[in-house]
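Okay, here's what each chain looks like letter by letter:
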Amino acid sequence: MTFPILTSLVALPTAGALLLLLIRDDEHDAPLVGRAALVISLLVFAESLLLWARFDPTSADFQFVERYSWIPAFGITYAVGVDGISLLLIVLTAFLTPLALLASWESVHKKMRAFCMCMLILESAMIGVFVSLDLFLFYVFWDAMLIPMYLLIGIWGYERRIYAAVKFILYTMAGSVLMLLAIIGLAYQHRLVNGAYSFDLLRLYDLSLPASLQVWLFLAFALAFAIKVPLFPFHTWLPDAHVEAPTAGSVILAGVLLKMGTYGLVRFAFPLFPAAAILIAPYLALLAVVGIVYGALVAMVQPDMKKLVAYSSVSHLGFVVLGIATMNMQGVQGAVYQMLNHGVSTGGLFLVVGMLSDRRHTRLIGEFGGLKAVMPRLVAAFLLITLASIGLPGLNGFVGEFLILLGAFRWDPRFAAVAATGVILSAVYMLWMFQRVNYGPVTNAKNASLADLKPREWAVLVPIVALCVVMGVFPNAFLRPMEPSIDRMLSHVQEGSPVFARAADAAAPATSEAPEASAPIPVEPQEAEAAR
Amino acid sequence: LNFAPFTAIVPMACVTAAALAAMTAEAFRSPGERMPIGPLGAIGFIGAALAALLLWDRSASSFGYVVADNFGLFVTLVLVVIGMLSLAISEATLDREHLPRGEYYALMLFATAGMMLMATASDLLVIFLALEVLSLAVYVLTGIRRDSAAAVEAAFKYFLLGAFASAFFLYGIAFTYGVTGSTRLDRIGSLVAAQSMSPTMMQLLAVGLLLIGFAFKVSAVPFHMWTPDAYEGAPPAVTGFMSTGVKAAAFAAFVRVFLSALDPLQPHWAPLVALIAAATMIVGTVVGVVQDNVKRMLAYSSIAHGGYLLVALVAANDTGKGAVLFYLLSYAVANLGAFGIVAILEGEGRSNDRVADYAGLWQRRPAIAALMAIFLLSLGGFPPLGGFIAKWYVFTAAIQGGYTWLAIIGVLTSVVSVFFYLRIVVMMYMTAGPAGLQDSRSAVPGMAGAALLVSAAIVFYLGLLPSRLLDIAAASVRTIF
């Protein structure tokens, strides 16, 4: 039997969290707790790198698959596996968690042990979401993730933390419970067709469903994911949660949690309901484009740095959704790549803002000014991450946005044209903020004697900056492993629609509404084929 | 002497014997002497559990009135769990409130015996008898704090409305007898099936009256008015006991009567029950949101949980019947755990049951706060806890039965319910407690602490490894229906 690498990746952080219970929970032992948690999360990161090293980049299939029966009466299995789409998201999760922990050593002043336990359990659940190949298992991880995040925001957050935490959990749950019903409905359809319940993703991929049902189920899935992304107009929880969360919470929230929505679209919503997806994709793209422009415009006028970064996430995630909606190679590849980029650069921005706020206990842009003269090193890192977030060529953000716009242009140039303004707007709000914070004379006396980066903060920022450069210069190292899996997903979606159209034609006399609902389908695949 | 006819009643006989022993012990106790009456009850429960396990798969029947089929035995075992946990968490209240130990335990044991009878009875009159046995005992338990005005008021309200419910139920039995000439469920079933195409007005009236009687007992909307008052006035340990035990017994009989004897009339009663289920879920959660008292909040939560159970019942398929059983267990454990904590936190002279009283509990008593959070999250239906699997099972049954709209109401109300469960979590974890309130209260009594840990362990077990129990629940319902 081979070593269960994925299960151990999921279990290791939780096991570590339970180990932390052995350390006494008081002021004196807090540094020890912090170090122990860091070591555990670094072990997880090392194991995720091992996973990447042993991953076969030429294969489109799920690898390292483990499958055990869990609730056999309903065909529920514990099934995990990775493909090119999820692999790097797992590495990203494992990469950001130690940085977030390290960044919190001095900013978490109470209950360090519980804080580290929440972070580690959250890491387990996040990795679990990315590796699940069973919809039931996926939902368990998806919902289990909410509790530690809720506690992180609510206990260690800023002033309005309770409001933000409750809003976060209620919004996310409201979306996901309907997805639970859709999952049950899907498994029930499997039973109607094949005689037994199944929540196995690979089997459900092969299920062909009637069009009207596909639309309903797709909408239920898409709502859950749209709230998580968040897609305009479901984004209102995000600024609150981001602003009130502690630095580590914001990093994980922006870096990983938001990606779960887009990951869900790529992994579940689109391939499970191809006909509905092709039908609804233009509307998703419309919301995404509105979000790109709206998020950028709102970000521009924010007086609070954290809120600015939060709204920039709405804008950037809009790009990702647009890329997914194109359903062509460039668009989806760019979208997955942009998920990683956004995780790194926005995670980095939250870390920098956290460092400033640790020093000054404020995040208002107006309170700062001329920091470049006071702490040149921190500002240098800040500049690089800002440029990466804007999408300067040579840094990571450029590759992703370029691919997405390319894909969007080949799909529907109108979306690409509007989205491209988002690129310009992001340069405006980010650089304007950067200029007000860092250049000019030191206007506020409190800023005159701020300390520059400490060794611990070097250790936090250097990996981020390095990764921004590496991902910008050598994108192929990251794009290559995801290519076969994305290709397979795309051909599955495009096959799904004609297959459905034929089935609907055959069944046309039986139901009067089927041909009507399938009317746009014959058009779409041709377009998709042309795009390829 | 032939003992065979008695086998099916052995479980409840064990509990009754323990109740009689408790009464005798109390009567012969010299003043000031402490007697281990609680352990006596535990022995009775263990006997009942063993008997139930031995009777498993044998479908024993006594006198044609009591059937120990696997469905009834599953509920009996759930009732044993409820009884054991209730005994354990009662200890703290009894000492603090100086309640009469012997009477308290005897009443609790009699009530449990009645519940077991109700779960296994196969004759409408025996169901009524069991209902009265358990109800009378629970009325008295509700008002056992004689010097508390709230408790007396609660007991009186509960008694009056309960008496109404019993009257409705009795009328239902009478009408059913008038139509079919029998009170035995199997005969009623075959007679109703024969004329299910065109049921008489009288028949439908009988079904309606029985439905009202059951709806009272499971506190379904609009017959739920007594619940918040009774739950608030009773000592928390008693509330925990009756909110789970009465519900389990009433649902067992409800399922047995409506899904076996009256199953042929399902097209006639199902829309009504579906409507009641929807109203129960909505009212339970929405009104729960505005409660400031933890006991009242948990009362509305238990009304809402009754709604989910009704969804499983109205789905009327094997999945739904299995879901009722699994849900009862999962709900009972989490709810008893939560009330156990309310009981422990109740201080001398102060009830400590406002939501605000839980502020900063995490700082003062981290273990208690963590356990409370686990129970509340399970009630809210978060994975990987038992409550999640239970709700998922119910919604699966609903979708399978074609009640997608009920499932949608169910999931949305469970989001609303999360809001009020989390209010307590917010108080415990995110709000600073009153300054200077160091923990002056006594340590957790050993038995109660153990009961809470066991409950938490069961909650996790049901959430992580539910397969075995799901299979048993599914198998239990196949034996009779």
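Starting from 1, residues in each chain are numbered consecutively following that chain's sequence as written. To read the labels, note that chains go from A and ligands from 1, taken in the order they are written. Given that this is a predicted model, residues contribute local features only at a pLDDT of at least 70 and side-chain atom pairs are listed and counted only at 80 or more, while totals for whole chains, interfaces and linings are drawn from all residues. Note that the side-chain values use all heavy atoms of the structure and ignore hydrogens as well as water.

A. Main features of the overall build of chain A. Put simply, DSSP H or I for four residues or longer makes a helix, DSSP E for two residues or longer makes a strand, and each gets a number counted from the N terminus. For chain A, the count of helices and strands is 22 helices and 2 strands. Over its C-alpha trace chain A gives a radius of gyration of 23 Å, about what one expects of a compact globule, namely 24 Å for 532 residues. Considered along the principal axes of its C-alpha atoms, chain A spans approximately 80 × 55 × 40 Å. Contacts in chain A between residues far apart in sequence, at least 24 positions, make up 80% of those at least 6 positions apart. Per-residue and other accessible areas follow the Shrake-Rupley method at a 1.4 Å probe size, with only the shown protein chains counted as cover for residues. Surface accessibility of chain A: about 18,000 Å² in total, with carbon and sulfur atoms responsible for 67%. Side-chain charges of chain A comprise 32 positive and 34 negative groups, with the mean position of each set lying 8 Å from the other. Both definitions apply: the radius of gyration is a C-alpha atom measure, and the globule rule equals 2.2 Å times residues to the power 0.38. By definition, residues are in contact when any of their heavy atoms lie within 4.5 Å. Just so you know, the count uses Lys and Arg for positive and Asp and Glu for negative, and it drops His and the chain ends. A charge is said to be at NZ when it belongs to Lys, at CZ for Arg, at CG for Asp and at CD for Glu.

B. Quick look at the packing of helix H2 (residues 37-55) of chain B against helix H3 (residues 70-97) of chain B. Residue and element names in this part refer to chain B. Axis definition: a line fitted to C-alpha atoms, limited for helices to the stretch in contact. Angles are taken between N-to-C directions and run from 0 to 180 degrees. Viewed as axis vectors pointing N to C, H2 and H3 meet at an angle of 165°, and their least axial separation amounts to 10 Å. As far as their axial angle goes, H3 and H2 are roughly antiparallel. Note that H2 runs across H3; the crossing there is left-handed. Contacts between H2 and H3 pair Gly-38, Gly-41, Ala-42, Phe-45, Ile-46, Ala-48, Ala-49, Ala-52, Leu-53 and Leu-55 from the former with Leu-73, Thr-76, Leu-77, Val-80, Gly-83, Met-84 and Leu-87 from the latter. Per-class residue counts for the contact of H2 with H3 are 13 nonpolar, 4 polar and no charged. The scheme is simple: roughly parallel for angles under 35 degrees, roughly antiparallel for over 145, roughly perpendicular for 65 to 115, oblique for anything else. Should the near helix be turned counterclockwise from the far one by less than a right angle, the crossing is left-handed, whereas a clockwise turn marks it as right-handed. When residues are grouped by polarity, Ala, Val, Leu, Ile, Met, Phe, Trp, Tyr, Cys and Pro land in nonpolar, Asp, Glu, Lys and Arg in charged, and all others, Gly among them, in polar.

C. Highlighting the interface of chain B and chain A. Each partner contributes residues to the interface: chain B has 35 residues there, and chain A has 37 residues. Reported buried area values correspond to the accessible surface (1.4 Å probe) lost by two parts on association, with both partners' losses combined. Of the roughly 3,100 Å² buried at the junction of chain B and chain A (both faces included), carbon and sulfur atoms supply 82%. Sorting the residues of chain B by area buried against chain A places Trp-362, Trp-392 and Met-430 of chain B first, and these three jointly supply 22% of that buried surface. The rule for a salt bridge is simple: a side-chain nitrogen of Lys or Arg has to be within 4 Å of a carboxyl oxygen of Asp or Glu. Where chain B touches chain A, the interface holds 0 salt bridges. Counting of polar contacts relies on pairs of N or O atoms within 3.5 Å, with two restrictions inside protein: one atom must be capable of donating a hydrogen and the other of accepting it, and residues adjacent in sequence are counted only when both atoms are side-chain atoms. At the boundary of chain B with chain A, the tally comes to 5 residue pairs in polar contact (both at pLDDT 80 or more). Within the residue set of the side of chain B that touches chain A, elements represented by two or more residues are helix H14 (361-364), helix H16 (386-400), helix H17 (404-430), helix H18 (446-464) and helix H19 (467-478) of chain B.

D. Seen up close, H17 of chain B. Any helix carries an expected span of 1.5 Å times its number of residues minus one. In this model H17 of chain B runs 37 Å from its N-terminal to its C-terminal C-alpha over 27 residues, within 8% of the 39 Å that 1.5 Å per residue would give. Residue Tyr-421 of chain B marks the point of greatest curvature in H17 of chain B, where the axis turns by about 25°. Bend at a given residue is defined as the angle between two axes, one fitted to the seven residues that end at that position and one fitted to the seven that begin there.

E. Structural view of the pairing of strand S2 (residues 76-82) of chain A. Residues and elements named next belong to chain A. Exposure categories follow from relative accessible area, calculated using a 1.4 Å probe and restricted to protein chains: below 20% of the type maximum is buried, above 50% is exposed, and the middle band is partly exposed. In terms of burial, S2 is largely enclosed, as 7 of its 7 residues are buried. On S2, burial covers both faces: Ile-76, Tyr-78, Val-80 and Val-82 on one face and Thr-77, Ala-79 and Gly-81 on the other are all buried. Examined bridge by bridge, strand S1 (residues 63-71) and S2 share 6 bridges and lie antiparallel to one another. Among the inter-strand pairings, Ser-69 is bridged to a residue of S2, identified as Thr-77. Two strands are counted as paired when DSSP detects at least two bridges linking them. Once S1 ends, the chain turns through 4 residues before running back antiparallel as S2, passing Gly-75 with a positive phi of about 65°.

F. Spatial organisation of helix H8 (residues 201-217) of chain B. Here H8 of chain B contains 17 residues, and its C-alpha end-to-end distance of 25 Å stays within 8% of the 24 Å for a straight helix at 1.5 Å per residue. Three or more residues of H8 of chain B are buried, namely Gln-203, Ala-206, Val-207, Leu-209, Leu-210, Leu-211, Gly-213, Phe-214, Ala-215, Phe-216 and Lys-217 of chain B.

G. Quick look at the nonpolar core. Nonpolar core, defined: a set of buried Ala, Val, Leu, Ile, Met, Phe, Trp, Tyr and Cys residues in which side-chain atoms within 4.5 Å join the residues together. Ranked by internal contacts, the top residues of the largest apolar core, which has 398 residues, are Leu-135 and Phe-221 of chain A together with Trp-392 of chain B. Tallying contributions element by element places helix H13 (residues 318-345) of chain B first for this core, with 18 residues.

H. The environment of Val-207 of chain B, seen in detail. Residues and elements named next belong to chain B. Note that Val-207 resides in helix H8. Along the sequence, Val-207 and His-268 sit 61 residues apart, while their C-alpha atoms lie 9.2 Å from each other. What Val-207 contacts, discounting residues up to four positions off in sequence, is Phe-258, Leu-262, Leu-265 and Trp-269.

I. Representation of the pattern of salt bridges. Residues and elements named next belong to chain B. For the structure shown, the criterion picks out 26 salt bridges over all chains. Across the pair Glu-346 and Arg-96 runs a salt bridge whose closest N-O atoms are separated by 3.6 Å. In this pair, Glu-346 sits in the loop between H13 and H14 while Arg-96 sits in helix H3, placing the two residues 250 residues apart along the sequence. For the pair shown, Glu-346 and Arg-96 are each scored as buried. Residue Arg-354 is joined to Asp-357 by a salt bridge in which the shortest nitrogen-to-oxygen separation is 3.2 Å. A single salt-bridge network, built from bridges that share partners, covers Arg-96, Glu-97, Arg-145, Lys-295 and Glu-346.

J. Layout of unusual backbone geometry. Put simply, Val-229 of chain A and Pro-230 of chain A share a cis peptide bond, and its omega is -10°. Here Pro-230 of chain A is to be found in the loop between helix H9 (211-228) and helix H10 (237-244). Omega for the bond connecting Pro-383 of chain B with Pro-384 of chain B falls within 30 degrees of zero, at 0°, which places this linkage in the cis form. Looking at where Pro-384 of chain B falls in the secondary structure, it is placed in the loop between helix H15 (366-380) and H16. With phi around 55°, Lys-111 of chain A is a residue other than glycine that occupies positive phi space. Along the chain, the position of Lys-111 of chain A falls in the loop between helix H3 (84-103) and helix H4 (112-131). Relative accessible area serves as the criterion here: at 18%, Lys-111 of chain A is assigned to the buried category. Not every positive phi belongs to a glycine, and Asp-57 of chain B is a case in point at roughly 70°. Turning to its location among the elements, Asp-57 of chain B is positioned in the loop between H2 and strand S1 (60-62).

K. Examining the packing of helix H13 (residues 305-326) of chain A against helix H18 (residues 413-438) of chain A more closely. Residue and element names in this part refer to chain A. Interaxial distance between H13 and H18 falls to 11 Å at its minimum, and their mutual angle equals 160°. As far as their axial angle goes, H18 and H13 are roughly antiparallel. Seen along the crossing, H13 lies across H18 with a hand that is left-handed. In contact with Met-305, Leu-308, Ser-312, Ser-315, His-316, Phe-319 and Leu-322 of H13, H18 contributes Phe-415, Ala-419, Gly-422, Val-423, Ser-426, Tyr-429, Met-430, Met-433 and Val-437. For the contact of H13 with H18, the per-class residue count stands at 11 nonpolar, 5 polar and no charged.

L. Highlighting the side chain of Gln-214 of chain A. All names here are of chain A. Looking at the secondary structure, you find Gln-214 in helix H9. Within the structure, the side chain of Gln-214 is placed 3.4 Å from the backbone oxygen of Leu-209, a separation counted as a polar contact. Excluding its chain neighbours within four sequence positions, the residues that come into contact with Gln-214 are Leu-209, Phe-273, Pro-274, Ala-275 and Ala-276.

M. Inspection of the confidence of the model for chain B at higher detail. How sure the predictor is of each residue is captured by pLDDT, a score from 0 to 100. Counting all residues, the mean pLDDT for chain B is 88, and 96% of those residues have values of 70 or more. Taken together, the chains of this predicted complex give a pTM of 0.91 and an interface ipTM of 0.92.

N. Spatial organisation of the side chain of Lys-167 of chain A. Looking at the secondary structure, you find Lys-167 of chain A in helix H7 (residues 161-194). Excluding residues that lie within four positions of it along the chain, Lys-167 of chain A makes contacts with Thr-236, Trp-237 and Asp-240 of chain A.

O. Representation of the environment of Leu-406 of chain B within the structure. Residues and elements named next belong to chain B. Structurally, the position occupied by Leu-406 is in helix H17. For the pair Leu-406 and Tyr-308, spaced 98 residues apart in sequence, the C-alpha to C-alpha distance is 9.1 Å. Once residues within four sequence positions are removed from consideration, Leu-406 is found in contact with Ala-274, Ala-277, Ala-278, Met-281, Val-311 and Val-314.

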